[in-house]
Amino acid sequence: MKRPSVFSLTALAVALLPFPSIAEPRTWTSTDGRELQGEILSLEGDLITLKTDRGNFEFPLSRLTEADRAWAKEWKEKAMAAPAKGDSSNGGDRTVGDFENLKLGEWPNSIAADFDVDAIEIVKEDKDAGEYIYRSPHFEFRSPLRLSKTVVLEFSRIFEATFQFAKEMPIGLNPQPWGEGYYPTQLYATREDYYADGGMAGSGGMFAYSWRGAEILSSIIKVPLPNLGVEYTGTRFIVDHKKRSDTLIHEIAHQMTGRWLPLMPTWFKEGLAETISTQRYDNGRFTITSMDRSIREDVTRRSGNDREFAMLNLERLMTITGQEWAADLASGSGSRVNYPSANVLFYYFLRLDGDGDGAALVDYMKAIAGGMKEEEARAEILLKGRSFEELQEAVADAWRSEGLRLTFF
């Protein structure tokens, strides 16, 4: 897609990717002397994104004056160096992770959303305004249509089970809602309504958020009701329990781990969400007795090769930026290669590395939460002085024992 000129009136919509937020806009000047008032949203490599009154613009940093380029790079350094305090919008200053009482490597056989219909709260039902708000224990659902408690309960289970999964993973994620104590979710009557509000074509749902430094400012999941398996029969809404939920679970997992998203590299964020979403889920329960098998089956299903997978080489995977990941998705390789590659690598550190208790992964998370630069934590804790090629050999050996043959390109 041809990128719009920085000072044209054509806005480039920016969705799905996380952007740090600075409160005050400033005047930016192009190399040919034109000016634009805007707020910096992100700087990824040589691509800068500005928020303006006319929309969001993404363009090469080289189009700006030397002074503006220096300011943007300094902003990026300050944002990355911000202390990891998490969100405090609903009172109190909460840490990103919870490692104090963590029991490494202790996993249950299954994880379930344990609540009943009485836990569903009807907050608002306004037919004239077309606004209906419902709450499960940790989520607030905003719908344009009236839904029965039974229907809300059915799709709440997938959200609550995913929350519980993130909570019980023995790596200290410490998921906590912010704002009023609920994770917000916007529902849409049709897929067309969802796409009209920024949903990506073909996606089962999306998670969007904004942040400043390491502090989440806002987040929301957007999903059309049909993608939750909720269909209108002409007289009432019904739920299809056979509806595939992995794409939606992936986005919910991002929301559960929101405080980590500004801190961690792309492979970690996407790998964590993939590891959760590729597990066996049925009616509010994840079965995790064979996590490696579930991942192997998903990876080989996508690649089309039984028990074999050609994944991204680890230097590329562990250093890939959000912009590069998005570009791969646009080219069509993301779903087939990037996501399963991140899944394979994340699960290796989660349960196959060392003693299989995720110790190095947790130490890596602790270091970054404590302010260490990601590249330093990666070299010292994950690579442990090894080259990327040596780590590849270790990952391939571990997965070979689980019935998956890996090659790297």
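Quick caveat: nothing in here was measured; it's all calculated off a predicted structure.

Moving on, we come to the pattern of salt bridges. Scanning the entire structure with this criterion turns up 18 salt bridges. Between Arg135 and Glu140 there is a salt bridge whose closest N-O contact spans 2.7 Å. Residue Arg135 is classed as buried on the basis of its relative accessible area, which comes to 12%. Relative accessible area serves as the criterion here: at 10%, Glu140 is assigned to the buried category. Two residues, Arg293 and Glu297, come together in a salt bridge whose shortest N-O distance is 3.0 Å. Note that Arg293 and Glu297 are positioned in helix 6 (residues 291-303) at a spacing of four residues, about one turn of the helix. Taking relative accessible area as the criterion, Glu297 reaches 33% and is therefore assigned partly exposed. Through salt bridges with shared partners, a single ionic network connects Glu274, Asp298, Arg301 and Arg302.

Within the open sheet, the four strands sit side by side as 2-3-4-5. Their pairing is antiparallel. Strands at the two margins of the open sheet, each flanked by one partner only, are strand 2 (26-29) and strand 5 (55-60). Each strand of the sheet is rotated relative to its neighbour by a mean of 55°, with strand direction disregarded. Direction of pairing for strand 4 (residues 47-52) relative to strand 5: antiparallel, over a ladder of six bridges. Counted as the bridge partner of Leu50 is Phe57 from strand 5.

For the rest of this paragraph, the subject is the packing of helix 6 against helix 9 (residues 334-352). Between helix 6 and helix 9, the shortest axis-to-axis distance is 9 Å and the interhelical angle comes to 160°. In terms of orientation, helix 6 lies roughly antiparallel with respect to helix 9. Crossing handedness for the pair helix 6 and helix 9: left-handed. Contact residues: Met291, Asp292, Ile295, Val299 and Arg302 in helix 6; Ser335, Arg336, Tyr339, Pro340, Asn343, Val344, Tyr347, Leu350 and Arg351 in helix 9. When grouped by side-chain class, the residues that make up the contact of helix 6 with helix 9 number eight nonpolar, two polar and four charged.

This brings us to the pairing of strand 17 (residues 308-311). With burial as the criterion, only one face of strand 17 is covered, namely that bearing Phe309 and Met311; the residues Glu308 and Ala310 on the opposite face remain uncovered. In this structure, strand 17 lies alongside strand 18 (residues 405-408), joined through four bridges in parallel fashion. Across the sheet, Phe309 pairs through a bridge with Leu406, a residue of strand 18.

Moving on, we get to unusual backbone geometry. With phi around 55°, Asn174 is a residue other than glycine that occupies positive phi space. Tracing the backbone shows Asn174 in the loop between helix 2 (149-168) and strand 10 (183-188).

Further remarks concern the nonpolar core. Of all hydrophobic cores here, the largest spans 92 residues; its most connected members are Phe155, Phe159, Ile171, Trp267, Tyr364 and Trp399. For this core, the leading source of residues is helix 9, giving eleven residues. Leave out the neighbours within four places in its chain, and Ile171 touches Phe99, Leu102, Leu272, Phe346, Leu350, Leu361, Val362 and Met365. Within the second largest apolar cluster, twelve residues are counted, among which are Leu36, Ile48, Phe57 and Ala72.

What follows covers the packing of aromatic side chains. One pass over the structure, following the stated rule, counts 20 aromatic pairs. A centroid spacing of 6.3 Å and a plane angle of 45° characterise the contact between Phe268 and Tyr364, whose relative ring orientation is tilted. Taken together, the residues Phe268 in helix 5 (residues 266-277) and Tyr364 in helix 10 (residues 359-369) connect sequence positions 96 residues apart. Grouped by ring-pair contacts, the aromatic residues Phe139, Phe141, Phe155, Phe159, Phe163 and Tyr183 constitute a single cluster. Of note, Arg26 hangs over the ring of Trp28, and the distance from its end group to the ring centre comes to 4.5 Å. A cation over a ring is seen here: Arg26 above Trp71, with NZ or CZ 4.3 Å from the ring centre.

Conventions and cut-offs
Residues numbered from 1 in each chain as written. Predicted model: local features only at pLDDT ≥ 70, side-chain atom pairs only at ≥ 80, totals over all residues. Heavy atoms only, no water. Salt bridge = Lys/Arg side-chain N within 4 Å of Asp/Glu carboxyl O. Buried < 20%, exposed > 50% of the residue type's maximum accessible area, 1.4 Å probe, protein only. Helix = DSSP H or I, 4+ residues; strand = E, 2+ residues; numbered from the N terminus. Pairing = 2+ DSSP bridges. Axes fitted to C-alpha atoms, helices over the stretch in contact; angles between N-to-C directions. Parallel < 35°, antiparallel > 145°, perpendicular 65-115°, else oblique. Left-handed = near helix turned anticlockwise from the far one by under 90°. Contact = heavy atoms within 4.5 Å. Nonpolar A, V, L, I, M, F, W, Y, C, P; charged D, E, K, R; others polar. Core = buried A, V, L, I, M, F, W, Y, C linked by side-chain atoms within 4.5 Å. Phe/Tyr/Trp six-rings, centres within 6.5 Å; stacked < 30°, edge-to-face > 60°. Lys NZ or Arg CZ within 6 Å of the ring centre and 35° of its normal.

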